[in-house]
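Coordinates in review
Chain by chain, the residues run as shown.
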Amino acid sequence: MRLKPSVVLRLYSLCGILIQVAASKSKAKGSQGQFPLTQNVTVIEGETATLTCRVDQNDNTSLQWSNPAQQTLYFDDKKALRDNRIELLRASWHELTIRVTDVSLSDEGQYTCSLFTMPVKTSKAFLTVLGVPEVPQISGFISPVMEGDRMELTCKTSGSKPAADIRWFKNDKEVKDVKYLKEEDANRKTFTVSSTMNFKADRSDDGAVVSCRVDHESLNSTPQIAMQVLEIHYLPSVKIIPSTLWPEEGQSITLICESKGKPLPDPVLWTKDGGDLPDPERMVVNGRELNINSLNRTDNGTYRCEAANSIGLNSAEYVLIIHDVSNILLPTTVIPSLTTATVTTTVALTSTGPSATAINTRGTYLTNEAKGAEDAPDADTAIINAEGSQVNAEEKKEYFI
């Protein structure tokens, strides 16, 4: 039986439809295991971000990247958005990778990779853009500062996202007692942070290095630092150091006036007993030193050293007492001939100072009686005869108190 041409055409059309439906079902069945894979990306403002979308199993289905505003960036290898910062790195059935250069804060947001199966499958990647804090500045610094005055230093930095951290240091030692303030910038994306340190100026702070350190994840562990060197002015401190602690008549002595202050004190002024030095020929001032030659009793007295700078004046005193060793008395020994006795040795040091000095030497001695020498004609014989006869000597001891 011969079929009419119109019937044959209809049969061919029906077969084509059946084949197309079967192919669609097969494609849909194969695409059930296809899912795009993406990862979140964090990048520093001004640097480059790379967005990658991968598909392990793909039967020639198209991939697409779109930005947070749902604008298509790339459809397979075809660029859709006119932005010179966006470039194609790799395009295949299994991967679509694009690059965004010179990233700005406005680029932050959620990007979408789409796989055009039935239905369309998507994967999200969030692009985080870090705002780099500006170089910090220290305000409120005044130089010089007078000792005792209060100082208030403020460190500030802007443009950080998230908000930066500020820490204070004085000579590499962290200062904890500070105030911290965080404010949102006008763009409502970044922050301005500031920190204030308040302290009382002390002479020990003179020359100290005060630093403000800004830490932020965008700085790659290299903090930004601002520094100031403190200059503290203070009243001179004065003390006198003698070259010997036992000045003797006929010798020499040097009195050193040690003065410290900021600014450096002027040349020191030496006086004796409230007046000028009485003997300039023997009493010679050399810088901060007073040299006195050929000491004698007339040199006894109170010596004053004065040091002054623009802050004020301070002084120290030293009382000089000359010791005359020629007047030291020889030891005197007394041994009574009867009963118990004590011996006292006295050395008198004669001084031209306010009072003489006496040194008593105390000891334990045996007497005639203690040695059993009551019948000896004299003390010398008693001592000679008493050798080896000290059986009861311990009972005859007497201690001098």
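Anyway, here's the lowdown on the structure attached to this text. Owing to the predicted nature of the structure, the values given are computational and were not obtained by experimental measurement.

A few words on the overall build of the chain. Scanning the chain from N- to C-terminus turns up 3 helices and 29 strands. Counting all 401 residues of the chain, 34% fall into the buried class. Considering only residue pairs separated by 6 or more positions, the chain has 60% of its internal contacts joining residues 24 or more positions apart. When the accessible surface of the chain is totalled, it reaches about 24400 Å², and 51% of it is carbon and sulfur.

Moving on, we come to the pairing of strand E8 (residues 109-115). Most of E8 sits out of view: 6 of its 7 residues are buried. Where E8 folds back on strand E9 (residues 121-130), the antiparallel hairpin that results is connected by 5 residues.

Time to look at the sheet that holds strand E18 (residues 224-229). Adjacent strands of a sheet pair through backbone hydrogen bonds, lying either parallel or antiparallel. Read from one edge to the other, the open sheet built from 4 strands follows the order E14-E13-E17-E18, with strand pairing classed as antiparallel. The open sheet has two free edges, formed respectively by strand E14 (173-175) and E18, since each of these has just one partner strand. Between one strand and the next, the sheet's axes are offset by a mean angle of 30°, whatever the strand orientation. In terms of strand pairing, strand E17 (residues 209-215) meets E18 through 6 bridges, oriented antiparallel. In the sheet register, Arg-213 faces E18, and the bridge partner there is Ile-225.

Right, let's talk about the state of the cysteines for a bit. Per the counting criterion, the structure on display carries 3 disulfides. Here Cys-53 engages in a disulfide with Cys-113; their sulfurs sit 1.9 Å apart. Taking the sign of the torsion about the S-S bond as the criterion, the disulfide between Cys-53 and Cys-113, at about -75°, is left-handed. With a gap of 60 residues between them, Cys-53 in strand E2 (residues 49-54) and Cys-113 in strand E8 connect regions that are remote in the sequence. The pair formed by Cys-53 and Cys-113 is uniform in burial state, with each residue classed as buried. Sequence-ordered numbering of the bonded cysteines in the chain gives a disulfide pattern of 1-2, 3-4, 5-6.

Formed by 22 residues in total, the largest nonpolar core has its most connected members in Leu-63, Trp-65, Ile-98 and Leu-127. Listed by contribution, the elements that provide at least two residues to this core are strand E1 (41-44), E2, strand E3 (63-66), strand E4 (72-75), strand E7 (95-100), E8 and E9.

Here we come to the packing of aromatic side chains. Inspection of the entire model under this criterion finds 1 aromatic pair. The side chain of Lys-121 reaches across the aromatic face of Phe-35, ending 5.4 Å from its centre. Positioned above the aromatic ring of Phe-199 is the side chain of Lys-170, whose terminal nitrogen or guanidinium carbon lies 4.3 Å from the ring centre.

Scanning all chains against the criterion turns up 20 salt bridges. We note a salt bridge from Arg-54 to Glu-95, for which the minimum N-O separation is 3.8 Å. Pair noted here: Arg-54 is in strand E2 and Glu-95 is in strand E7, with a separation of 41 residues, a long-range link. Sharing partners across several salt bridges, the network here consists of Arg-167, Glu-174, Lys-176, Arg-213 and Asp-215.

Moving on, we come to the side chain of His-216. Relative to the helices and strands, His-216 is located in the loop between E17 and E18. Take His-216: its relative accessible area is 10%, and that puts it in the buried class. In terms of polar contacts, His-216 uses its side chain to reach the backbone carbonyl oxygen of Lys-161, at 3.4 Å. In terms of polar contacts, His-216 uses its side chain to reach the backbone carbonyl oxygen of Pro-162, at 2.7 Å.

Conventions used here
Residues numbered from 1 in each chain as written. Predicted model: local features only at pLDDT ≥ 70, side-chain atom pairs only at ≥ 80, totals over all residues. Heavy atoms only, no water. Helix = DSSP H or I, 4+ residues; strand = E, 2+ residues; numbered from the N terminus. Buried < 20%, exposed > 50% of the residue type's maximum accessible area, 1.4 Å probe, protein only. Contact = heavy atoms within 4.5 Å. Areas by Shrake-Rupley, 256 points an atom, 1.4 Å probe, with all protein chains shown as cover. Pairing = 2+ DSSP bridges. Axes fitted to C-alpha atoms, helices over the stretch in contact; angles between N-to-C directions. Disulfide = S-S within 2.5 Å. Core = buried A, V, L, I, M, F, W, Y, C linked by side-chain atoms within 4.5 Å. Phe/Tyr/Trp six-rings, centres within 6.5 Å; stacked < 30°, edge-to-face > 60°. Lys NZ or Arg CZ within 6 Å of the ring centre and 35° of its normal. Salt bridge = Lys/Arg side-chain N within 4 Å of Asp/Glu carboxyl O. Polar contact = N/O pair within 3.5 Å; in protein donor to acceptor, adjacent residues only side chain to side chain.

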